[in-house]
Amino acid sequence: MQEKIITSVDFGSSKISASLAIIHDDDCEILGSESVQSDGILKGAIKDESKCLRAFSDAVNKIKRKTNKVVSDVYVGINLKDIRISEMAEKVEVKNDKVEKYDIKKVLSKVKESTLLGNDEEIVDVIINFYRLDGKVSTENVIGWIGNELEIDCAVLVGKYEQLSKYKAVVRKAGYKFAGFYVNQIAAKNIFLRENNSIGTKALVDIGNETTNIAVFNNGEIKAVSFRPLGGNNITKDLSICGEVSLMQAEQIKCINSKCYESIYKDNSQGDEINIGTYKFSKELYYEITKARIEELLKFVKLDLKNTSFYEGLCSIIIYGDGIIYFENVKDIAKNQINRKCTIATNKYLGMKKTLNITSLAGIEEVFNKINLLDEVSTSFDIEPNKEKDNEEIE
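These lines cover the structure that appears in this document, whether it is placed above or below. Here the residue numbering is sequential within each chain, running from 1 through the sequence in written order. For a predicted model such as this one, the threshold for reporting local features is a pLDDT of at least 70, and the threshold for listing and counting side-chain atom pairs is 80 or more; totals across whole chains, interfaces and linings nevertheless cover every residue. To get the side-chain values, all heavy atoms of the structure are used, and hydrogens and water are removed first.

Section: the packing of helix 1 (residues 49-67) against helix 3 (residues 161-173)
Here is the rule: Interaxial angles span 0 to 180 degrees and are taken between N-to-C directions of axes, which are lines fitted to C-alpha atoms, for helices over the stretch in contact. Helix and strand assignments follow DSSP, with helices taken as H or I runs no shorter than four residues and strands as E runs no shorter than two, numbered in order from the N terminus. Any angle that is under 35 degrees is reported as roughly parallel, and any over 145 degrees as roughly antiparallel; angles of 65 to 115 degrees are reported as roughly perpendicular and all others as oblique. Should the near helix be turned anticlockwise from the far one by less than a right angle, the crossing is left-handed, and should it be turned clockwise, the crossing is right-handed. Residue contacts follow a heavy-atom distance rule, with two residues in contact if any of their heavy atoms lie within 4.5 Å.
Axis separation between helix 1 and helix 3 bottoms out at 9 Å; the angle between their running directions is 55°. Taken as axis vectors, helix 1 and helix 3 run oblique relative to one another. Handedness of the helix 1/helix 3 crossing: right-handed. Contact residues: Glu49, Cys52, Leu53 and Phe56 in helix 1; Lys166, Ala169, Val170, Val171 and Lys173 in helix 3.

Details of the sheet that holds strand 12 (residues 201-207)
Sheet strands pair via backbone hydrogen bonds, and the direction of the pair is either parallel or antiparallel. Where we set the bar: Here, a strand pair is defined by DSSP locating no fewer than two bridges between the strands.
The five strands lie next to each other as 14-13-12-17-18, forming an open sheet whose pairing is mixed. Looking along the sheet, the strands with just one partner apiece sit at the ends: strand 14 (221-228) and strand 18 (342-344). Looking at each pair of strands side by side, their axes are set apart by 15° on average, direction ignored. Judged from the six bridges that link them, strand 12 and strand 17 (residues 314-320) form a sheet pairing that is parallel. Bridge pairing in strand 17 places Asp206 opposite Tyr320. Packing of helix 9 (residues 283-307) onto the sheet brings it into contact with strand 12, strand 13 (212-218), strand 14 and strand 17, and relative to strand 13 it is tilted by some 40°. Sitting on the sheet, helix 10 (residues 330-338) touches strand 17 and strand 18, and the angle it makes with strand 18 is about 155°.

With respect to the environment of Glu296
Turning to its location among the elements, Glu296 is positioned in helix 9. Sequence separation between Glu296 and Gln337 is 41 residues, and the spatial gap between their C-alpha atoms is 8.8 Å.

Points about the packing of aromatic side chains
Our working definition: Centres within 6.5 Å are what make two rings of Phe, Tyr or Trp a pair, Trp counting through its six-membered ring; a difference in plane orientation under 30 degrees is then read as stacked, over 60 as edge-to-face, and the rest as tilted. With a 1.4 Å probe rolled over the protein chains alone, any residue whose accessible area is under 20% of its type maximum counts as buried; one over 50% counts as exposed, and the rest are partly exposed. By the criterion adopted, a ring carries a charge over it if an Arg CZ or a Lys NZ lies within 6 Å of its centre and within 35 degrees of its normal.
Counting across every chain of the model gives eleven aromatic pairs. With centroids separated by 5.2 Å and ring planes inclined at 80°, the aromatic side chains of Phe11 and Tyr167 adopt a geometry described as edge-to-face. Taken together, the residues Phe11 in strand 1 (residues 4-11) and Tyr167 in helix 3 connect sequence positions 156 residues apart. With a relative accessible area of 2%, Phe11 lands in the buried category. Site record: aromatic cluster; members linked through ring pairs are Phe11, Phe56, Tyr167, Tyr176, Phe178 and Phe181. Against the face of Tyr102 rests Lys95, its NZ or CZ located 4.7 Å from the ring centre. Between Arg340 and the ring centre of Tyr311, over which it is positioned, the NZ or CZ distance is 4.2 Å.

Some remarks on unusual backbone geometry
Here the phi dihedral of Glu244 falls at roughly 55°; this positive angle occurs in a residue that is not glycine. In this fold, Glu244 is placed in the loop between helix 6 (233-243) and helix 7 (247-257). For Glu244, a relative accessible area of 73% puts it in the exposed group.

Topic: the sheet that holds strand 10 (residues 149-160)
A sheet is described by the order of its strands in space; here four strands give the open sequence 7-10-8-9, paired in antiparallel fashion. On the outer flanks of this sheet lie strand 7 (84-93) and strand 9 (136-138), each paired with one strand and no other. Strand-to-strand twist of the sheet, defined as the mean angle between neighbouring strand axes without regard to direction, takes the value 35°. Judged from the three bridges that link them, strand 8 (residues 121-133) and strand 9 form a sheet pairing that is antiparallel. Within the sheet, the bridge partner assigned to Tyr131 lies in strand 9 and is Ser138.

Observations regarding the pattern of salt bridges
The condition is simple: For this document, the term salt bridge refers to a Lys or Arg side-chain nitrogen within 4 Å of an Asp or Glu carboxyl oxygen.
Throughout the structure, instances matching the rule amount to 20 salt bridges. Among the ionic pairs, Glu295 bridges to Lys291, the shortest N-O distance being 2.6 Å. Of this pair, Glu295 and Lys291 both sit in helix 9, four residues apart, which is roughly one turn of that helix. A salt bridge links Arg293 to Glu296, with the shortest nitrogen-to-oxygen separation between them at 3.6 Å.

As for the pairing of strand 12
In terms of burial, strand 12 is largely enclosed, as seven of its seven residues are buried. The alternating pattern of strand 12 places Thr201, Ala203, Val205 and Ile207 on one face and Lys202, Leu204 and Asp206 on the opposite face, and all of these are buried. The sheet contact formed by strand 12 and strand 13 spans seven bridges and is antiparallel. Across the sheet, Leu204 pairs through a bridge with Ala215, a residue of strand 13. Here strand 12 hands over to strand 13 after four residues, the two strands then running antiparallel side by side.

Points about a negative patch on the surface
What counts, and what does not: Grouping into patches uses exposed residues only, defined as over 30% relative accessible area, and leaves out salt-bridged ones; the cut-off is 9 Å for like charges and 5 Å for nonpolar side chains (Val, Leu, Ile, Met, Phe, Trp, Tyr). Using the Shrake-Rupley algorithm and a 1.4 Å probe, accessible areas are obtained, with residue cover drawn only from the displayed protein chains. Asp and Glu are treated as the negative residues and Lys and Arg as the positive ones, with His and the ends of the chain left uncounted. By convention, charge coordinates are those of NZ in Lys, CZ in Arg, CG in Asp, or CD in Glu.
On the surface, a cluster of negative charge is contributed by Asp25, Asp26, Asp27 and Glu29. By the secondary structure assignment, Asp25 is in the loop between strand 2 (15-24) and strand 3 (27-37). Judged by its relative accessible area of 38%, Asp25 falls in the partly exposed class.

That's the geometry; what it means functionally is another story.
As structure tokens, then:
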């Protein structure tokens, strides 16, 4: 395999993260990650393309300067808003009685052609769950295996064309080639569900500032997803309204005191108010609002997990993201609200100084695995709605 550069960019509501890696043979070396404050994205959807374009360009320019590499193709990481899963399986006769990349590509092509799409939908990604070669099931790469009939079971991720086209437009207007999509919360399995950690039914819960995304896996296979436009900013907004302070002041109060908000409330040696610069905030009000909103978010997580039909069999839930994980005693609250074993994936848990770029890093590995399997740089798909809209200029 020739040396290739891959760049993944996660479009988030609060930040845009870019990671760059170089691939040589079977190795992937991550050269760096950078992030900038997001703009033009609200609750997981692009609302202002011009603002989003500027933020995206800033993020890519930062990673280019950091790595001193030229970026041409960009893989786009998106959340689970309007994403649905369609499980598909197709098979072909192995061309030369030995599985080659050609055979796998042919099966995947049949999967894409067989996927039923609405007029407003397109394929986001196709994920291989397992192979079946002459009836023998394997989750390992079967290239080079001897056999006659190859079947592949896949999870086809389908999204809404209108929103997906906005991501493509931002990338292209910035002067780059759109290479394909990956879904952040599904790619996160590369971080959290490696090898033996993938065994059983597990949920990855990404609670950000404006959205909550859930991906449920069974033995490493994606089985269900959900999305809610709720996150840590709901705490900020309620603090602002109830405490009669600006959103900026409320965010400052939240961030400074999150790691000890309960301890501050129970500390009778201090006064009844939290002092932040020149303004004050009731300790009791801060505690009650914060705890109530965290509990509310986690109740919705439990509800969404129950709606997937996998709740009863869940053996582990991993909660990550910048929304609530750094609040004091959040693990106990999560356990009480969801009634399942919960892990809070802080930077300490992950062994990282910062977790700002974790989604784009996971995206790099997701893309690398596809390239390593099929020797293809692009994972974008040609099957889209009836009208050819991709190349239209978006005003």
